[in-house]
Amino acid sequence: MKLILLSSLLIAASMPAAEVFEAALGRETELPKGKEADGIRGDFVLRSDKVEATISQNAPNRRANMSTFYGEDGVTPGALYDLTLRGANNDQLVIYSPCGHGQVSYVKIANVKEEGSAAVESVTTAAKNGGVFKRHEYRVKDGVQGIFITTVLRNETDKPQKTFTKDDFTRFDETGTTSDGIRWADAINPAHKCGYAFATLSLSGIDKLADTIELQPKQEVVISRFFAVGTSPAQAVGEVLSVKGVKVEVLAGSISDIGKNGAPITTASIQVPFGNSVVPGYTDDKGRFSFKLPPSEVELIVKDLGRTDVRWKRQVPSDRELLLDAASAIRFAITGEDGKPLPCKAHFAPLDEKATKLNLGPKWRAHGCVDQYHSENGHFTQQLPPGKYHVVVVRGPEYGHIAKDITVEAGKVVEFKGTLKRLVDTKGWISADFHNHSTPSGDNVCDTDGRLINIAAEHLEFAPTTEHNRLYDWEPTIKALGLENHIKTVKGMELTGSRQHFNAFPFEPDPLKQDGGAPVWNDDPRITALTLRRWQGERDDRWIQFNHPDLANMFMDRDSDGVADGGFVGVDGMIDGSESENGPGTDILADSPFRLSRPAGSLAMKVSQIREFLWRQLLNQGLRVTAVGVADAHSVYGNGVGCWRCYLPSSTDEPAKIDWAELSPHAKAGHIVLSTGPFLEVTTQNSKIAGDDDRSTGGIDLKVRVQCTDWMDIDRVQVLVNSRPDPKLNFTRQSHPKMFKDGIVKFDEKIHVPLQHDAHLIVVAIDEDGDQKTGYGSSDYAKMRPCAYNNPIFVDADGNGFKPNGDTLGFDLPVGGMNADKVKAQLIRAGLMKEEAKATTSASAAAEKPKS
C-alpha cells in the first residue's frame, strides 16, 4: 500500500502543473517558441499541463515587433504575445491585446488561490488612462487548453468617460466567426497546424459590448473571455465550446492512403461544421484528428490536393478511419552536374482549357506557394489535380532550365528527374542581396525558413540578415535546412522609421533583449547613420546603406517644402551605399526624374520619382554613393528574392567560405555590378572595374562582356558618359548585329570611349522588350526586363584629378512638393510631353524604349 501511494506521489510530482514565472535568472530558455515567438528576458511565462504562454512585461518600447502597431503609442506591454500547446514550440500568434494597446502602469504575477491555476495581471491606473481604471488578468488552469482573460474597466471620475474595448488580434490571413460568435484564426502557413479561437464567456455591468463604450461615473464593467489554442482552428473552437458549457463529445479518426498500404495522410484538411459555419481542421503527423463537437450527426468534407474531395458523414462521438484514393503528383529529383541535390524552384502552368487556377499554398512559404514550389535540395513531391501542365525548373540566372509538358493522371505519380547545368561563368564574383525580410520584421509573415529556401533556390550566395528594427541571425536556420554550402549570411538589421530607412551589418544580436539589442531610429539620418556606425563599437567592415531612399529629401530638400536647402548636409559621407534599385523596375535609362501615372479608380495623377535618374544627376554633382540593387523581399511568391542582385569580387566561389571582411572593402569601393540576371563585366585598359578611378588622355577602352543563361537575352549595350546616354556608344542587335551573339556569351567587345574631359562611365546591358517568364512563371517578376549596369568608373582625362561636370541632365535637381502640374511643365519644357497630351503620358515611356 505504501509502495502504491509513493508511486502515485512520484507520478503526480512529475506531471506538469500550472505555474507562472518571470523569464530571468536562467529560466529564459523556457520561453515558448515558434514562428511568431517574441518573448524576451523579463517577460512572464504562464503554463499549465496543456498550454504555455508569454505575457509581455512593462518595459520601455516593449513591442512584439516593429509593425505590430506604429507610433509612440504602439507599445504593447501587458499583452498576450505567445500561446502554444505545452511542449509544441509552435506559437503562431503575433499578439492578442484585449481592449486595445498602449502604456500600462505595471505587469506582475497575480496572487491566485485557485488550485491548479496561475495568473499574470496587467494594470493601467485611472490616472494614466483618462480616468478609467483597466485591469487584465491572464489565467491558465490545468486540464484546460487555453487561457482565461478577465478585464475590469472602471470609471473613477465624476464624469462620463469613453473607453476603447476592441481587441487587437494579429496577424492572420484566414479568420472567421462561427454562428454562435466564436472568432477563430488559422496559422499563416496551414502546414504549421495551429489554430486559435476565442469568445466572450460573460459580461457584467453593461448589456452589450461595442468597440467604444461610455462609462458613467463609478460604473464598472467586467468582461470574461477564453482564448484557446489547438492543432487547428476546428480543435480550438471545440475547446471554446467546452469552456462555455456547451455539451460536447470527441469526434476523432484517422485518414489513410488506400494506395500506400494504409499510410497516414498528413496533408489532409477537414471542413468541420459548427452550426451554420465551417471551420478548418487538419490531420497530424500520424494522419489522426480530434475535435470537440456537440453530439449529433455531422458531415465532414475531407480535402487533399491531388485527390477527390470526400463527404464523410460521422456520428459524434466516434473514432473511425477513412481511406482515400491515391493522390496524383509529380515527384522531383533535381541535381547539379556533380550529381548532388540542388536547391531549385519549380513553377506549374495548367494547360487544360478549363483548368482552375492553381493554389498550392500561401505566398508566404516555400513548399507550395501559389503555383510554385521552392526546394532546399531538389527532392520533393508536389501533389496536383489530374491534368496537363507545363513545368519549369530553374535556379536563378546563372543556371539553365528544364521545361517539360507533363500529363498527371488520377492516382498516379509522375517522375521528374533532371540536371540543372551552371551555364554562366561568374568565377571571381559572388551574387548578393543586401536587403530581405521574413516574419521577425513584423511587416510580413513570410516563414524564415521559406525566405532562406527562396534565397537558395534563386541562387543568391551572400545574404545578410536584415529584419526590420531587430538584430537577428539567419545562420541557425540556414544550418537546420542544410544550406550552409549554398548561403552565407552575417547578422544585421534594417533600422526603420517614418522617413529614411537604413540597412547595417555586421552586429551581434542578443535575442533576449528588446529588438535583439538594436538601436532606435532617429528622424535625422545623420544621427541614425552615426548611431549605427558606433553601435557595439566601430568596425572596419560595418556596412551602412540607404534603403529605397527619397534622394530629393536626403540631398536637396531636407524638409520637403519645395525649396532647395542642401538636404542633410554631410550624410553622404556617413553611408557606404544607397539603393538605386529596389523591386522589379528597370529605369536606369530613363530620360526624366519623374513618372506620371493615374492609379486605378483615381482622378488625380500620381507623381513618382525615378530614383535611377536622380542618382545619375547626383553623380554629376560629385556625390559618390555606391549603387546597390536589392529585392527587399517580403514574401516568397511575387515579392520574393531575385529581381535585383549585386555581383561583388570574391576570392572564393564557395558560399561556405565567403568572408564579409574580404567583401566589405570591395563593396565600399563600389566594386558592384547590379543585375536582374545578365552577368556584366566592365574593365578598362588599365584593369580598373566598377567604382575605381582611372586615368587616360583622349579616351579610354572598355572591355565589355555580357553572359546570359539559356532563358535570357540582351539586345542593347549603352555607355553612359557623365550619366548621359552617348548616341555614338549605343549598340543594338539591329544596328550592330555582328557585336551580339546567340550563345551564353551575348556580347564581348572592346569599346573605345573618346574623352576630352573628366567623365564617369556606366555601361548598361538590357533586353529592351524582353521578359523573364521562364524564370518566374506567373509572378510579376516575369514582366521584368533582363538588365545590368556597373557602378561608375571615374576617368581623369587631364591628370588634375577627377572633377564632376555638374550637369543636371536637363532638369533641375528635384525638391519636395512636386505635383502633377509642376512635373508636366518640366516634361513639356524637356520635350518629353506635348502640351496637349493627355495626363496618362508617363515620363518613363521613353525609358522603356529609349531613343537610339
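Scroll up a little and you will see the structure.
The structure displayed is predicted, hence computed values, not measured ones.

A.B. asks: Help me out: how do you make sense of the overall build of the protein chain in this one?
C.D. replies: Helix and strand content of the protein chain: 11 helices and 50 strands. At 30 Å, the protein chain has a C-alpha radius of gyration in line with the 29 Å of a compact globule built from 852 residues. Along the first, second and third principal axes, the C-alpha atoms of the protein chain reach 105 × 70 × 60 Å. If you take every contact in the protein chain between residues at least 6 apart in sequence, the share linking residues at least 24 apart comes to 69%. In the protein chain, the 99 positive side-chain charges and the 115 negative ones have mean positions that sit 2 Å from each other.

A.B. asks: Just checking my understanding: could you explain the environment of A118 for this structure?
C.D. replies: Mapping A118 onto the fold places it in strand β7 (residues 117-124). A residue is classified by how much of its surface remains accessible, and A118, at 5% relative accessible area, is buried. In sequence terms A118 and V20 are 98 residues apart; their C-alpha atoms lie 5.8 Å from each other. If near-sequence neighbours (up to four positions away) are discounted, A118 is found in contact with A18, E19, V20, L46, V112, Y138, R139 and V140.

A.B. asks: Can you help me understand the sheet that holds strand β19 (residues 269-274) in this one?
C.D. replies: Across the sheet, 4 strands lie side by side as β20-β19-β22-β23; this open sheet has antiparallel pairing. Among the strands making up the open sheet, the edge pair consists of β20 (277-282) and β23 (310-316). Ignoring strand direction, the axes of neighbouring strands in this sheet form an average angle of 30 degrees. This element, helix α2 (residues 233-243), spans β19 and β20 of the sheet and lies at about 120 degrees to β20.

A.B. asks: In this structure, what is going on with the side chain of D433? I would like to understand it.
C.D. replies: Checked against the element boundaries, D433 lands in the loop between β32 (429-432) and α3 (448-457). Buried D433, no salt bridge; nearest opposite-charge side chain is R645, N-O distance 7.4 Å. Within polar-contact distance, the side chain of D433 engages the backbone nitrogen of H435 at 3.0 Å. Reaching out from D433, the side chain makes a polar contact with the side chain of N436 at a distance of 3.2 Å.

A.B. asks: Got a minute to help me understand the environment of G253 in this structure?
C.D. replies: Secondary-structure assignment places G253 in strand β17 (residues 249-257). Residues G253 and F289 lie 36 residues apart in sequence; the distance between their C-alpha atoms is 5.6 Å. Discounting residues that sit within four places of it in the chain, G253 has contacts with G287, R288, F289, R314, D319 and R320.

A.B. asks: Help me understand the layout of surface pockets in this model?
C.D. replies: If a probe the size of a water molecule is rolled over the atoms, the empty space left behind becomes visible. Of the volumes computed, that of the second largest pocket is approximately 1,100 Å³. Lining of the second largest pocket is provided by 41 residues; of these, G34, K35, A37, R470 and Y472 occupy positions nearest its centre. Among the secondary structure elements, those contributing two or more residues to the lining of the second largest pocket are α3 and α4 (475-480). A total of 3 residues in the lining of the second largest pocket trace back to one element, the largest contributor, which is α4. By residue class, the composition of the lining of the second largest pocket is 14 nonpolar, 13 polar and 14 charged.

A.B. asks: Looking at this structure, I do not really get empty space enclosed by the protein. What am I missing?
C.D. replies: Summed over all chains, the structure comprises 3 cavities of 30 Å³ or more. Roughly 80 Å³ of volume is contained in the largest cavity. Lining of the largest cavity is provided by 13 residues; of these, S97, G100, H101, V104 and K134 occupy positions nearest its centre. With 3 residues, the single largest contributor to the lining of the largest cavity is strand β8 (residues 132-141). Residues of the lining of the largest cavity, tallied by class, amount to 4 nonpolar, 8 polar and 1 charged. Around the second largest cavity, the lining comprises 13 residues; the ones closest to its centre are Q372, E458, V636, Y776 and Y781. Looking at the lining of the second largest cavity, its residues break down into 5 nonpolar, 6 polar and 2 charged.

Procedures and definitions
- Residues numbered from 1 in each chain as written.
- Predicted model: local features only at pLDDT ≥ 70, side-chain atom pairs only at ≥ 80, totals over all residues.
- Heavy atoms only, no water.
- Helix = DSSP H or I, 4+ residues; strand = E, 2+ residues; numbered from the N terminus.
- Rg over C-alpha atoms; globule rule 2.2 N^0.38 Å.
- Contact = heavy atoms within 4.5 Å.
- Lys, Arg positive; Asp, Glu negative; His and termini not counted.
- Charge placed at Lys NZ, Arg CZ, Asp CG, Glu CD.
- Buried < 20%, exposed > 50% of the residue type's maximum accessible area, 1.4 Å probe, protein only.
- Pairing = 2+ DSSP bridges.
- Axes fitted to C-alpha atoms, helices over the stretch in contact; angles between N-to-C directions.
- Salt bridge = Lys/Arg side-chain N within 4 Å of Asp/Glu carboxyl O.
- Polar contact = N/O pair within 3.5 Å; in protein donor to acceptor, adjacent residues only side chain to side chain.
- 1 Å grid on protein atoms, 1.4 Å probe; cavity = no way out; pocket = protein on both sides within 12 Å on 5 of 7 lines; lining within 4 Å.
- Points joined across faces, edges and corners; volume = space filled by probe spheres on them.
- Nonpolar A, V, L, I, M, F, W, Y, C, P; charged D, E, K, R; others polar.

Keep in mind that these numbers describe shape and distance, not what the molecule does.
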